[in-house]
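Okay, here's what each chain looks like letter by letter:
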Amino acid sequence: MGLVPGWGGAARLVRIVGSGAALRLLSGALKVDPERALRLGLSEETLLSPGESGSLEEARAWLSQYTEGPASVIRAAKQVVTAGRELPLEDALRTEKDIFGTVWGGPANLQALVRRPKHK
């Protein structure tokens, strides 16, 4: 298409797969099959369902492990990971402390303590 990625796509790709693989992927406009995506770190696993409806259900089940929790806690986890990746360490630590304070003692935390009073 005569283009390069925009909006940070190339910078993110380099961080995920390294500069050599990113250059090969971008300069060749390569299609990436599931096995190669796994090897490069572009995906976590390959779903095995052959049919479209089975694939959708399998994808929903896989995704649920990351989304079936209190929205406030999922949002907080995303914020601390983003801060850890994008901010200088001191700022990321301060951000993590501040966000921790928004969920500590909150409804999700209290419910979790009732369900599992001790960690193993």
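Basis of the calculations
Residues numbered from 1 in each chain as written. Predicted model: local features only at pLDDT ≥ 70, side-chain atom pairs only at ≥ 80, totals over all residues. Heavy atoms only, no water. Helix = DSSP H or I, 4+ residues; strand = E, 2+ residues; numbered from the N terminus. Rg over C-alpha atoms; globule rule 2.2 N^0.38 Å. Buried < 20%, exposed > 50% of the residue type's maximum accessible area, 1.4 Å probe, protein only. Contact = heavy atoms within 4.5 Å. Salt bridge = Lys/Arg side-chain N within 4 Å of Asp/Glu carboxyl O. Core = buried A, V, L, I, M, F, W, Y, C linked by side-chain atoms within 4.5 Å.

A. Quick peek at the overall build of the chain. Within the chain, the secondary structure is distributed over seven helices and zero strands. Sequence-ordered secondary structure for the chain, helices as α and strands as β, is α-α-α-α-α-α-α. For the chain, whose C-alpha radius of gyration is 19 Å, the value lies well above the compact-globule estimate of 14 Å for 120 residues. Along the three orthogonal principal directions, the C-alpha set of the chain runs to about 55 × 45 × 25 Å. The buried share among the 120 residues of the chain stands at 12%. In the chain, once contacts between residues fewer than 6 apart in sequence are set aside, the share between residues at least 24 apart is 19%.

B. Main features of the pattern of salt bridges. Counted according to the given criterion, the structure contains four salt bridges. D91 is the partner of R94 in a salt bridge, and the nearest nitrogen-oxygen pair spans 3.2 Å. Pair noted here: R94 and D91 are both in helix α6 (residues 89-103), with a separation of three residues, about one helical turn. Under the relative-accessibility criterion, R94 is labelled partly exposed at 43%. A residue is classified by how much of its surface remains accessible, and D91, at 27% relative accessible area, is partly exposed.

C. The arrangement of the nonpolar core in detail. Formed by L13, V17, A21, A22, L25 and L40, the largest nonpolar core amounts to six residues. Elements with a contribution of two residues or more to this core: α1 (9-17) and α2 (19-28).

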